[in-house]
Amino acid sequence: MQPPKKTYTVQEATKKMEHYCAYQERSHQEVQQKLMDMHMIPEAIDVITIHLLEHNFLNEERFAKTYVSGKFHIKKWGKSRLTYQLKQKGVSKVNINQAIREISDKEYTDVFNDLTEKKVLQIKESNKLKKKRKFIDYFLRLGWESHLVYDKANELIK
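Not measured: the values here are computed from a predicted model.

So, how was this worked out
Starting from 1, residues in each chain are numbered consecutively following that chain's sequence as written. Only residues with pLDDT of at least 70 are given local features in this predicted model, and only at 80 or more are side-chain atom pairs given and counted; all residues enter the totals for whole chains, interfaces and linings. The basis for every side-chain value is the complete set of heavy atoms in the structure, and neither hydrogens nor water enter the calculation. Strands are runs of DSSP state E lasting at least 2 residues, helices are runs of H or I lasting at least 4, and numbering of each runs from the N terminus. Each radius of gyration reported is based on C-alpha atoms, and the globular scaling rule is 2.2 Å times the count of residues to the power 0.38. Relative accessible area decides the class of each residue, using a 1.4 Å probe on protein chains only: under 20% of the type maximum gives buried, over 50% gives exposed, and in between gives partly exposed. It is the directions from the helix axis to the C-beta atoms that the arc portrays. The criterion used for residue contact is that any of the two residues' heavy atoms lie within 4.5 Å. Whenever two N or O atoms come within 3.5 Å, that pair is a polar contact, provided that in protein one can donate a hydrogen and the other can accept it, and provided that, for residues adjacent in sequence, both atoms are side-chain atoms. Put simply, the grid is 1 Å and covers the protein atoms alone, a cavity is a trapped set of points that fit a 1.4 Å probe, a pocket is an open set with protein on both sides within 12 Å along at least five of seven lines, and lining residues have an atom within 4 Å of a point. Grid points are joined across faces, edges and corners, and a volume is the space filled by probe spheres set on the points. Polarity classes work like this: nonpolar for Ala, Val, Leu, Ile, Met, Phe, Trp, Tyr, Cys and Pro, charged for Asp, Glu, Lys and Arg, and polar for all others, with Gly in that last group. Pairing of aromatic rings covers Phe, Tyr and the six-membered ring of Trp, with a centre-to-centre limit of 6.5 Å; geometry is then stacked below 30 degrees between planes, edge-to-face above 60, and tilted otherwise. Look at NZ for Lys and CZ for Arg. If either is within 6 Å of the ring centre and within 35 degrees of the ring normal, a charge sits over the ring. Buried residues of nine kinds, namely Ala, Val, Leu, Ile, Met, Phe, Trp, Tyr and Cys, make up a nonpolar core once their side-chain atoms join them within 4.5 Å.

Moving on: the overall build of the chain. When helices and strands are tallied, the chain shows nine helices and zero strands. From first element to last, N terminus to C terminus, the chain shows the α and β order α-α-α-α-α-α-α-α-α. Here the C-alpha radius of gyration of the chain, 21 Å, is well above what a compact globule of 158 residues would show, namely 15 Å. Expressed along its principal axes, the backbone C-alpha trace of the chain runs to roughly 65 × 45 × 20 Å.

Here it is, written out as structure tokens:
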């Protein structure tokens, strides 16, 4: 027999969600899911979400900017992947575009160039076509724009 599910009062759930949001920036979708996992009723979810928004624990614009900054600087994701992942998290188009604009064109290009120069040396493949394919697949997976990837592949792998 399963133990009874833990239940929370609105106050307990609110405190728990304040800690959840204070620990790390969260999207609205993540908060809603967490509350559903806590078996909260829709009315309670709305009350808690409004409280988190009013007290600035939850801020979609801030979440988008933090997410983009982190994934770009640490995982070296390109704009396509960043946009796609934020859409998956239910972030609005306005906030996605604003967050993406925070990356300067110069920094974006510099990161891409550094990354490609390192990667082309790592790919141990004697067949030029296979090497180019591996190079292209890698950068498309990271979400870099295809025109940048193909131009760089043609420039570095001859």
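Now, onward.
For helix 5 (residues 79–88), the full list of buried residues reads Lys79, Leu82, Thr83, Gln85 and Leu86. All buried residues of helix 5 fall inside an arc of 165° around its axis, so they share one side. For helix 5, the elements touching its buried residues are helix 4 (60–75), helix 6 (93–101) and helix 7 (105–122).

Turning our attention to the side chain of Thr83. Its location among the elements puts Thr83 in helix 5. Residue classification places Thr83 among the buried positions, given a relative accessible area of 19%. Looking at Thr83, its side chain comes within polar contact range of the main-chain oxygen of Lys79, at 2.8 Å.

With a phi close to 65°, His39 is a non-glycine residue in the positive phi region. Assignment of secondary structure puts His39 in the loop between helix 2 (28–37) and helix 3 (42–54). For Lys76, which is not glycine, the phi torsion reads 60° and is therefore positive. The residue Lys76 is located in the loop between helix 4 and helix 5 in this model.

Turning our eyes to something else, we now look at the layout of surface pockets. Considered as a void within the structure, the largest pocket measures approximately 200 Å³ in volume. Taken together, Gln24, Glu25, Glu30, Phe63, Thr66, Tyr67, Gly70, Lys71, Ile74, Lys75 and Lys89 make up the lining of the largest pocket. Tallying contributions element by element places helix 4 first for the lining of the largest pocket, with seven residues. Here the lining of the largest pocket is built from residues that sort into three nonpolar, three polar and five charged.

Once that is clear, we can look at the packing of aromatic side chains. This structure, assessed with the given rule, holds nine aromatic pairs. On the numbers, 6.3 Å between centres and 55° between planes, the contact of Phe72 with Trp144 is tilted. Within this pair, whereas Phe72 is found in helix 4, its partner Trp144 is found in the loop between helix 8 (128–141) and helix 9 (146–156), the two being separated by 72 residues in sequence. The exposure class assigned to Phe72 is buried, which follows from its relative accessible area of 1%. On the basis of relative accessible area, Trp144 is assigned to the buried category, the value being 2%. Here a set of aromatic residues connected by ring pairs shows up, and it is made of Phe72, Tyr108, Phe112, Phe135, Tyr138, Phe139 and Trp144. Above the ring of Tyr138, the side-chain terminus of Lys119 is found at 4.0 Å from the ring centroid.

Time to look at the nonpolar core. One recurring pattern in soluble globular proteins is that nonpolar side chains are buried together. One finds Val68, Phe72, Leu82, Leu86, Phe135, Phe139 and Trp144 to be the most contacted residues of the largest nonpolar core, which totals 27 residues. Going through the elements one at a time, helix 4, helix 5, helix 6, helix 7, helix 8 and helix 9 are the ones with two or more residues in this core. Sequence-distant contacts of Leu82, defined by excluding residues within four places in its chain, comprise Val68, Lys71, Phe72, Trp77, Ile100 and Ile103. Counting residues in hydrophobic clusters, the runner-up holds 13 residues, among them Met38, Met40, Leu52 and Leu58.

Note that all results are geometric; they support no functional claim without further evidence.
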